[in-house]
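These are the residues of each chain, in order.
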Amino acid sequence: MNRVFPFSAIVGQEKMKKALILNAINPKIGGVLIRGEKGTAKSTAVRALADLLPEIEVVENCPFNCTVDGDLCDICRENIKKGNLKTVKRKMRVVDLPIGCTEDRVIGTLDIERAIKEGVKALEPGILAEANGNILYIDEVNLLDDHIVDILLDVAAMGWNIIEREGIKIKHPSRFILVGTMNPEEGELRPQILDRFGLMVDVEGLEDVKDRVEVVKRVEEFNRDPEGFYKKFEEEQNKLRKKIENGRRILKDVVIKDDLLELIARICVELNIPTSRADITVVRTAKAIAAFNGRTYVNIDDIKEACELALPHRMRRKPFEPPQLNQEKINEIIEDFKNNNNLKNENNDLKKNVLKM
């Protein structure tokens, strides 16, 4: 068995690891964009994530990797009616999208004559079919053709890959955890594309000498004996795996109070973030953070952490200026919110005492 470097053995880069985990708990967050120079463990972390994710139940021999608990393609629906649907369990995996890939390779190719007669069976699956139920990884996403990026982000938002040719329309499910990595020195992404990524993190090289030494020692030990090194971190891997599985399980039960929704909206308004996608993403991220921590309610700390991951790339900024968040402004808004809430609670307590008298 080919071992990948254990996720829990990665030194530092806590924000990047957290963003990946949160998308694993709730892929509807919309993926994560990781910005940083080469050699900052971006690819290592993405490939290590798959090992932490639970097995998924897929339809056997389905060309579109339909999952039992998700939407099904027309072929699988027909098989259900006939009682022929067989399933198998398999691990989630990382599907790579090459920089030079064509539109047909991404969405699949369609034989028009066969499509008229056979429908979805005439579709030759592309990368979006392979990615269904998996992690779709785009290295150097900033070098990818804008048209291809738009297609990927549309599919990630809808959960369906739709192909239209000569009046023929065919679709299949395509739900995946989207991860893009890039080196900002090689060029930036358009703001419209940036906004479509749920979360964004900047990663930098480690500056602590001890941390850098530990990285070298761990990489050398892993290269020498991958199996032995993995066993060394197996307990930590299992703990993290169970925590993610529990987070996925209780996510649907996580609630957020209306006053906290108002806090999120106020933060986005006062930071001049025009898109409502920001508010939605912060809510989903905060709920995932709560679920990861084993809670079924969102608190202010969850919101603060969610803002740090979901808002920097949505801030208005000058050309060539890196994404950054006005943390001081957020802290001011949160403190003001806390003070007002305390005042409301004091007034409510006073009213209760007056009523008792």
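Residues numbered from 1 in each chain as written. Predicted model: local features only at pLDDT ≥ 70, side-chain atom pairs only at ≥ 80, totals over all residues. Heavy atoms only, no water.

Enquirer: Lay out the overall build of the chain in plain terms, naming residues and giving numbers.
Expert: When you go through the chain residue by residue, the secondary structure sums to 15 helices and 11 strands. Out of the 357 residues in the chain, the part that is buried amounts to 46%. Within the chain, contacts between residues separated by at least 24 positions form 76% of all contacts whose residues are at least 6 apart in sequence. Of the roughly 19,000 Å² of accessible surface on the chain, 48% is carried by carbon and sulfur atoms. (Helix = DSSP H or I, 4+ residues; strand = E, 2+ residues; numbered from the N terminus. Buried < 20%, exposed > 50% of the residue type's maximum accessible area, 1.4 Å probe, protein only. Contact = heavy atoms within 4.5 Å. Areas by Shrake-Rupley, 256 points an atom, 1.4 Å probe, with all protein chains shown as cover.)

Enquirer: I'd like a rundown of the sheet that holds strand β4 (residues 94-96), residues and numbers included.
Expert: As summarised here, the arrangement of the five strands in space is β4-β7-β10-β1-β11, forming an open sheet in which the pairing is parallel. Because the sheet does not close on itself, it has two edges, and the strands there are β4 and β11 (199-203). Taking the axes of each pair of neighbouring strands and ignoring which way they run, one obtains an average angle of 20° across the sheet. Bridge analysis of β4 against strand β7 (residues 135-139) gives three bridges, and the strand direction is parallel. What sits directly across from D96, in β7, is Y137. (Pairing = 2+ DSSP bridges. Axes fitted to C-alpha atoms, helices over the stretch in contact; angles between N-to-C directions.)

Enquirer: Residue-level account of the pattern of salt bridges, with values.
Expert: Taken as a whole, this structure holds 15 salt bridges when the rule is applied. Across the pair R47 and D96 runs a salt bridge whose closest N-O atoms are separated by 2.8 Å. Here the residue R47 occupies a position in helix α2 (residues 42-49), and D96 occupies one in strand β4, the gap between them amounting to 49 residues. Using a relative accessible area of 33% as the deciding quantity, one classes R47 as partly exposed. (Salt bridge = Lys/Arg side-chain N within 4 Å of Asp/Glu carboxyl O.)

Enquirer: Got a sec to walk through the nonpolar core? Specific residues and values, please.
Expert: Residues I267 and I303 are the most contacted members of the largest nonpolar core, which totals 70 residues. Of the residues forming this core, the biggest block, nine residues, is contributed by helix α13 (residues 277-292). Of all hydrophobic cores here, the second largest spans 40 residues; its members include L128, A131, I151 and M200. (Core = buried A, V, L, I, M, F, W, Y, C linked by side-chain atoms within 4.5 Å.)

Enquirer: Pulling in residues and values, what's your account of the environment of K329?
Expert: By the secondary structure assignment, K329 is in helix α15 (residues 327-356). Taking the C-alpha atoms as reference points, K329 and L271, 58 residues apart in sequence, are found 7.8 Å from one another. The contact partners of K329, leaving out residues within four places of it in the chain, are E270 and L271.

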